[in-house]
Each structure stands twice: as C-alpha cells, then as structure tokens.
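Next come the chains, spelled out residue by residue.
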Amino acid sequence: QVQLVESGGGLVQYGGSLRLSCAASGRVKSINAMGWYRQAPGKERELVARMTSSGDTNYVDSVKGRFTISRDFAKNTVDLQMNSLKPEDSAVYYCNAQSLVGPVERVLEYEHWGQGTQVTVSS
C-alpha cells in the first residue's frame, strides 16, 4: 500500500557530506513515522533516525549532531542530511515508513521498506 524509493547514496571521503532522499507513494495518508535504517556487513539493521507526523525525531546516539532528518509532508518525502561522515557510517541505508490504520482501540501497524542505497565512506 506504500512504496518507498531511495536515492542519494554513493562514495564520499572521510568528513564529507551526503544527502539521502526517499519518496513515498501509494496510501501516503496512512503514514505516521518515516525514517532511515542502515545495515553494515556482519551487523544487524539499526535505526538511524525517524520523524513522526507530529515532527518528533529520534536519532541513534552515534549520529547525533552529524545527521539531520527532515520531511516534506506535501511531497511525501523524507531526507537524511549526513555530515562529518565516518567510515563506520558505511552501510546500506533503507528508508522506512510506519502506517497506522484503524481506530485507536484496534490500530494496526504496517512497516514499509525501500530497496536500500549504498553509502560508502573512505578512510
């Protein structure tokens, strides 16, 4: 019901910057939170940043002060501005959207994922 397409990944030098973008389509009005996860080789996927429809944000501690998440609710997009990049930031980054459907007493949650975009930071 919701489709996500990421863009903006690539190769960047240590200390450089990169901006990831994600465009949502489909039943976009059902989306509450949107955010970014990442998965490095040999590691589990982790939440990087997310923002609810109310504008509340959460960041993993390792990116606080360096990454900034933003949403354009009119365009149904979410971006991740990544500054001061480090080699340990290298991973496949996935866009994520959470949809909430139904009344409060019986709300259903749906998770949607993009295909992923590679971010590589040279040392």
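These notes cover the structure that comes with them. (Residues numbered from 1 in each chain as written. Predicted model: local features only at pLDDT ≥ 70, side-chain atom pairs only at ≥ 80, totals over all residues. Heavy atoms only, no water.)

With that settled, consider the packing of aromatic side chains. Following the criterion strictly, the structure yields one aromatic pair and no others. The side chain of Arg-45 reaches across the aromatic face of Tyr-94, ending 3.8 Å from its centre. The cationic tip of Arg-45 hangs over the ring face of Trp-113; the distance from NZ or CZ to the ring centre is 4.8 Å. (Phe/Tyr/Trp six-rings, centres within 6.5 Å; stacked < 30°, edge-to-face > 60°. Lys NZ or Arg CZ within 6 Å of the ring centre and 35° of its normal.)

Moving on to the environment of Gln-3. The residue Gln-3 is located in strand 1 (residues 2–7) in this model. The exposure class assigned to Gln-3 is partly exposed, which follows from its relative accessible area of 41%. In the structure, Gln-3 is positioned 59 residues away from Ser-62 in sequence and 28 Å away in space, judged by C-alpha atoms. Leaving out residues up to four positions away in the same chain, Gln-3 has contacts with Ala-23, Ala-24, Ser-25 and Gly-26. (Helix = DSSP H or I, 4+ residues; strand = E, 2+ residues; numbered from the N terminus. Buried < 20%, exposed > 50% of the residue type's maximum accessible area, 1.4 Å probe, protein only. Contact = heavy atoms within 4.5 Å.)

Residues Met-34, Trp-36, Leu-80, Met-82 and Tyr-93 are the most contacted members of the largest nonpolar core, which totals 28 residues. Elements that contribute at least two residues to this core include exactly strand 1, strand 3 (18–26), strand 4 (31–39), strand 5 (46–51), strand 7 (67–72), strand 8 (77–82), strand 9 (91–101) and strand 11 (117–122). Among all residues touching Met-34, those that are not within four sequence positions of it are Leu-4, Cys-22, Ala-24, Arg-50, Met-51, Ile-69, Arg-71, Val-78, Cys-95, Asn-96 and Ala-97. (Core = buried A, V, L, I, M, F, W, Y, C linked by side-chain atoms within 4.5 Å.)

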